[in-house]
Amino acid sequence: MDILLDEVTHDVVWNNGPLTKEFTTQPYTQTVSQRLKIRLLNFKGEWFMDLNYGPPYWQEILAMKVSKSRVDRIFQQQILLENGVREIVSFSSTLINRQYSLKFQVKVVSGEVTAPILISPVI
């Protein structure tokens, strides 16, 4: 069984196969990538177990006019907060008519680099 991450919906996709430990593991880079997508798409204050988890969409990003560089810094800080992330290898973003998207790669603590991660939160 393969566990994959759907790039559009960010949901876990289970492919056919036996449900054993051998077939349900995935590379650490994919695990960190999935956790990053969850973190970056989660509004701060939304998760009851940690009200500081996620970007401050309501508090800073959506509440007022904010510059692209400020939004970039907010997302970069959130990326570096995720367990397993050693450093940001590449980061690019666009902001056109309140449509923000970012694409980045990180180096995980094992030294491997993730595949490019693309996220388009609504701001």
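Residues numbered from 1 in each chain as written. Predicted model: local features only at pLDDT ≥ 70, side-chain atom pairs only at ≥ 80, totals over all residues. Heavy atoms only, no water.

This part is about the overall build of the chain. Secondary structure assignment for the chain yields three helices and five strands. Secondary structure elements of the chain occur, N-terminal to C-terminal, as β-β-α-α-α-β-β-β. In the chain, which comprises 123 residues, the share counted as buried stands at 33%. Pairs at least 24 apart in sequence give 36% of the contacts found in the chain among residues at least 6 apart. Surface accessibility of the chain: about 7600 Å² in total, with carbon and sulfur atoms responsible for 55%. (Helix = DSSP H or I, 4+ residues; strand = E, 2+ residues; numbered from the N terminus. Buried < 20%, exposed > 50% of the residue type's maximum accessible area, 1.4 Å probe, protein only. Contact = heavy atoms within 4.5 Å. Areas by Shrake-Rupley, 256 points an atom, 1.4 Å probe, with all protein chains shown as cover.)

Within the structure shown, the criterion is met by four salt bridges. Of the charged contacts, one joins Arg39 and Glu82 as a salt bridge, the two residues approaching to 2.8 Å between their closest N and O atoms. Taken together, the positions of Arg39 in helix α1 (residues 28–41) and Glu82 in the loop between α3 (68–81) and β3 (85–96) put the pair 43 residues apart, joining distant regions of the chain. For Arg39, a relative accessible area of 9% corresponds to the buried category. Glu82 sits in the buried class, given a relative accessible area of 7%. (Salt bridge = Lys/Arg side-chain N within 4 Å of Asp/Glu carboxyl O.)

The strand order across the open sheet built from three strands is β3-β4-β5, with neighbouring strands paired in antiparallel fashion. Each having just a single partner strand, β3 and β5 (117–119) make up the two edges of the open sheet. When strand polarity is set aside, the average angle formed by the axes of neighbouring strands in this sheet is 20°. Against the sheet, α1 touches β3, β4 (99–108) and β5, its axis set at about 15° to β5. The sheet contacts of α3 involve β3 and β4, and relative to β3 the element is tilted by about 150°. (Pairing = 2+ DSSP bridges. Axes fitted to C-alpha atoms, helices over the stretch in contact; angles between N-to-C directions.)

Time to look at the pairing of β3. Direction of pairing for β3 relative to β4: antiparallel, over a ladder of 10 bridges. The partner of Ile88 across the bridge, within β4, is Val106. Where β3 hands over to β4, the hairpin turn is made up of two residues, of which Asn97 adopts a positive phi near 50°.

This next bit is on the nonpolar core. Counting residues in hydrophobic clusters, the biggest one holds 18 residues, and the most contacted among them are Leu36, Leu40, Phe75, Ile79, Leu102 and Phe104. Taken together, the elements giving at least two residues each to this core come down to α1, α2 (57–61), α3, β4 and β5. Broken down by element, this core gets its largest block of residues, five residues, from β4. Each residue touching Leu36, except ones within four places of it in the same chain, is listed here: Ile79, Glu82, Val85, Phe104, Val106, Ile117 and Ile119. (Core = buried A, V, L, I, M, F, W, Y, C linked by side-chain atoms within 4.5 Å.)

Attention now goes to the confidence of the model for the chain. For the chain, mean pLDDT is 86; residues scoring 70 or higher make up 80% of the total. Looking over the chain, one finds the lowest element-wise mean pLDDT in strand β1 (residues 3–5), namely 62, and the highest in α3, namely 96. (pLDDT = per-residue confidence, 0-100.)

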